[in-house]
Structure formats: structure tokens, C-alpha cells
Amino acid sequence: MTAQPAGIADAIKITDLVKQFGAFTAVDHVDIAVPKGAFLVLVGPSGCGKSTLLRMLAGLDEPSAGEISFLGNTVSSGTGGVVADPRQRNAGLVFQSYALWPHMTVANNISWPLKVAKWSKADRDARVNEVLALLGISALRDRYPAEISGGQQQRVAIARTIAPKPSILLFDEPLSNLDAKLRIEMRSELMRIHRATGATSVYVTHDQVEAMTMATHVAVLNIGRVEQFGAPIDLLREPATTFVATFLGTPPANLLPVVRRGAELIYGDLPLADAAIAGNLDSAQLLFRAQDIGIGRVEGRPSLAATFSEAAPIAGQTMVTAMVGDVRITGMVDGYFHAMPGDPIELSFLRDPDAVFTTGGERVAR
Ligand SMILES: Nc1ncnc2c1ncn2[C@@H]1O[C@H](COP(=O)(O)OP(=O)(O)OP(=O)(O)O)[C@@H](O)[C@H]1O
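Here the structure is a predicted model, which means the values were calculated and not measured.

Visitor: Could you give me a rundown of the overall build of the protein chain, with the residues and numbers involved?
Guide: Of regular secondary structure, the protein chain possesses eight helices and 21 strands. Based on the C-alpha atoms only, the size of the protein chain along its principal axes is roughly 75 × 45 × 40 Å. The proportion of buried residues among the 366 residues of the protein chain is 38%. Expressed as a percentage of contacts within the protein chain between residues at least 6 apart in sequence, the contacts between residues at least 24 apart total 63%.

Shown next as C-alpha cells:
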């Protein structure tokens, strides 16, 4: 994953990192390494440890054990604490709250960290103009934060962070306060800025669409541990666990518990696959993508009686969710589909399962 010529240090290397709050382990033996210029997204459900990991990268929290290094230099360690303080680690942090200084103009907000870093007035002015242009906010330079919109404030906050040219950019859910349309626009903007600065970025989000769109590398976190690390497409295609398979991807993938009966794997009474795909397991979980489940009977394919739950139109198709007992199954139909909650419908398995997992959630190699 991080293949690069020998001797070139990873831009960010996290080794066996642990963070404990009392007896509670928030970050649990995490190992991640990314090359220079990577866009690493940390994704996972609420409370999985994303922000805690980012705060350690920023130097705001000390690790309980393990090590973080930037470009080959240790910046935090379990034994040494925060070795380089936040200002010395050449990393810029963007939070979801913009925290601009209200009494300073946009230009002065951006210029301030350069002044602190003792840049000359001429260099400061040139750099402020450069980042204002990069963020498309040159016209706002003399306004105060109260005189610009939330989206514009976020741009100013980003401009202020990138102004000192940090080699590492850290983002903690920076778009979560923006409306849906602005989020999509800012997502592309952030990717453009990432490319323009050449910085290595770490981006925290619980939004898997954001993760899959922006990342060169994704780490899926679950209760403090890295469940899987890799390129977005590899995680989608080859999820290592049921957690990753159901957390990533829209619509979500379906998992059906099955047991062996003779040469078949059955769900309830319905044969769904050849038992050979589960090796010698007597019970397993089968993964079916939503696009592989259709609505209505299909000749020659297994089908199940279900209860309609909801329908959501997406790009000319409809994502249909139905319940079979207490198992939620999502399928896709072309065009629009309408039914009342509780209506009986038929679900068909159009293709063989995409993957097989143990009952514990680990992928079975095929
Ligand atoms: N200072 C603290 N003291 C005690 N527990 C903490 C502290 N900070 C975080 N935690 C706990 O550590 C776990 C991870 O928190 P963290 O904020 O890193 O999660 P997260 O993945 O960023 O969540 P969210 O998406 O909700 O922001 C949570 O269970 C949280 O309650």
C-alpha cells in the first residue's frame, strides 16, 4: 500500500499507538503509514476514536503508548509524550468550528499566524493574496467574520491554516456544519487545495461518502482499532470484515446468516449458495450488494417474501428497503417504486453472493 523507494520516510507513521482515558482505551494499538502527499481519511462511527487520534497527531493529546513520526521525525511518543509541540510540528489543524478572530478582518485573520511565525510584512502580504485567490475569497479580504456566511468563514479558516505552508494538514469534520450542497462543493475545493499545497492530509469524518470521494488512503476505525486500511476502492471491493462491508458503500451491502444443509448454504429454508464457498464452515454470513437484489420474482433465481419498509430514489433508480423477520435487506429497482410500509413484496437474489464471512465477521478467503 505504501510502496515507495527505500530510504524515503513515510510522511506520517503511526506505530502501535494507544490512548487510554483511565481504564478506557479510546485508541487501541493503531498502526498506519502514509506517503507524502497522501489524503488519509479516518472514518468510523461516533466514539470510535477518530478525534482522539487526530488530536494526538496535532500534538494536543499525549499518547499512552506507541509513537507518531512526521517525515521520519518522532513528534509524539508513549515514553516522551508530546516531543514536538503543536507549533513545532509543521501541521495545520482545521476544526468544524471556524474560530476566526471576530475583531480582525479576513486578511488579518489569515496573516496572523504568519506574523506569529515572524514572516516579513512583504512576504505576509504576498502569501495572504495567494491563499485568498486559491480559496476564491479575494473579494472578502476587508470584511469581518460577522459579515460573511458560514461557508465563507470555513474558507477563511482553511486559508488561515494553509497560509504558513504546513507540510501536514489535519481536518476534524470540517464540513459538518455546512448544508448538503455546500458540503459537496467544499469537498471538491478541499481536494483541489490538497493538490495545490502538496501537503499530506489527514481528514476525520463519520461520513463514508466523504471518505470514499476524497481519500487516497482510508482507515476504518471501530472501537479504537483499525478495522481495515487501504485504498478506498480496495475496501469497497474486498472488505476484510462485515463491519467494513456494511459501514462503507451506498446503498449498504446486505448480510444474511446461513447454515450448511448438504451441499447448500440455506437462509431459513431458502438455498442461497453452494456450500463449497464457505469452505468447511457449518454457518456463515453471505454478502449481497444492493444492486444484486431485485424486487419481484425472477425466474431461476432464489426469492424471499419480505415486508416493504421504505423507498429512496437515487439517480433514476430506487433503493428499496424491506424486512425479512428482523433482517433488513436493501435492493435496487430501475425507475421509481412505490409501496406502503408493511406491504408484502418479493425479493430476488439476482447473482451469487459477493463475499463470505464467518459468523464472527471475518472474511473467508476464496
Ligand atoms: N478526555 C476524555 N476523557 C474520557 N474519555 C474520552 C475523552 N475524550 C474522548 N473520550 C472517549 O473516547 C472515545 C473516542 O472519542 P473520540 O472523540 O475520539 O471519538 P470520535 O470517533 O471522534 O467520535 P465522534 O464522531 O462522535 O466525534 C469515546 O468513547 C469518548 O467518550
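And the narrative resumes.
Visitor: Any details on the packing of helix α4 (residues 150–162) against helix α5 (residues 180–197)? Residues and values, ideally.
Guide: It is the contact of α4 with α5, at a shortest axis distance of 12 Å, that shows an interaxial angle of 15 degrees. Classified by the angle their axes make, α4 and α5 are roughly parallel. Considering the relative orientation of α4 and α5, their crossing is right-handed. Contacts between α4 and α5 involve G151, Q154, I158 and I162 on the former and, on the latter, L182, M186, I193 and T197. Here the contact of α4 with α5 is composed, by residue class, of five nonpolar, three polar and no charged.

Visitor: Which residues make up the confidence of the model for the protein chain, and what values go with them?
Guide: When pLDDT is averaged along the protein chain, the result is 91, and 97% of the positions lie at 70 or above. Mean pLDDT values for the elements of the protein chain range from 80 in strand β7 (residues 91–94) up to 97 in strand β2 (residues 24–34). Across the interface, the model reports ipTM at 0.96; the global pTM reads 0.86.

Visitor: Run through the site of the ligand, naming residues and quoting values.
Guide: By nearness alone, every residue bordering the ligand is listed as F21, F24, A26, G44, S46, G47, C48, G49, K50, S51, T52 and H206. At the level of secondary structure, the elements contributing two or more residues to the shell around the ligand comprise β2 and α1 (50–58). Tallying contributions element by element places α1 first for the shell around the ligand, with three residues. Class assignment for the residues of the shell around the ligand results in four nonpolar, seven polar and one charged.

Visitor: Could you give me a rundown of the sheet that holds strand β21 (residues 355–357), with the residues and numbers involved?
Guide: Taken in spatial order, the five strands line up as β14-β13-β12-β15-β21 in an open sheet, and their pairing is antiparallel. The open sheet terminates on both sides in strands that have one partner only, identified here as β14 (270–274) and β21. Taken pair by pair, the neighbouring strands of this sheet meet at an average axis angle of 40 degrees, ignoring direction. Bridging between strand β15 (residues 283–288) and β21 involves three bridges; their strand directions are antiparallel. By the bridge assignment for β21, L287 is matched with A355.

Visitor: Pulling in residues and values, what's your account of the environment of T205?
Guide: Positionally, T205 belongs in strand β9 (residues 200–205). A sequence separation of 130 residues divides T205 from V75, and the C-alpha atoms of the two residues are 23 Å apart. If near-sequence neighbours (up to four positions away) are discounted, T205 is found in contact with V41, V43, E173, E210 and A211.

Visitor: How would you summarise α1 if you had to cite specific residues and measurements?
Guide: Counting buried positions along α1 gives eight out of nine residues, so the element sits mostly inside the fold. Those residues of α1 that fall on the buried side of the exposure criterion are K50, T52, L53, L54, R55, M56, L57 and A58. Looking at the residues trailing α1, positive phi occurs at G59, about 85 degrees.

Visitor: Which residues make up the nonpolar core, and what are the values?
Guide: Generally speaking, nonpolar side chains in soluble globular proteins are found buried as a group. The biggest cluster of nonpolar side chains holds 94 residues, and the ones touching the most others in it are V41, L42, A159 and L170. The two domains that each donate at least three residues to this core are domain 1 (12–246) and domain 2 (250–357). Beyond its immediate sequence surroundings of up to four residues, L42 is in contact with K50, L53, L54, V202, V204, A219 and L221.

Visitor: I'd love a proper account of the pairing of β2, names of residues and values included.
Guide: Relative to β2, strand β1 (residues 12–21) runs antiparallel, the two being bridged by seven bridges. Counterpart to K19 in the pairing with β2 is V27. The antiparallel hairpin formed by β1 and β2 contains two residues in its connecting segment, where G22 sits at a positive phi of about 60 degrees.

Visitor: Could you give me a rundown of unusual backbone geometry, with the residues and numbers involved?
Guide: Positive phi is not limited to glycine here, since L71 has a value of about 50 degrees. Looking at the element boundaries, L71 is found in the loop between β4 (65–70) and β5 (73–77). At K165, a residue that is not glycine, the phi angle is positive and equals roughly 55 degrees. Locating K165 in the fold gives a position in the loop between α4 and β8 (168–172).

Cut-offs used in this document
Residues numbered from 1 in each chain as written. Predicted model: local features only at pLDDT ≥ 70, side-chain atom pairs only at ≥ 80, totals over all residues. Helix = DSSP H or I, 4+ residues; strand = E, 2+ residues; numbered from the N terminus. Buried ≥ 20, exposed ≤ 12 C-beta atoms within 10 Å, placed from the backbone. Contact = placed C-beta atoms within 7 Å. Axes fitted to C-alpha atoms, helices over the stretch in contact; angles between N-to-C directions. Parallel < 35°, antiparallel > 145°, perpendicular 65-115°, else oblique. Left-handed = near helix turned anticlockwise from the far one by under 90°. Nonpolar A, V, L, I, M, F, W, Y, C, P; charged D, E, K, R; others polar. pLDDT = per-residue confidence, 0-100. Near = placed C-beta within 6 Å. Pairing = 2+ DSSP bridges. Core = buried A, V, L, I, M, F, W, Y, C linked by C-beta atoms within 7 Å. Domains from an automatic or database assignment.

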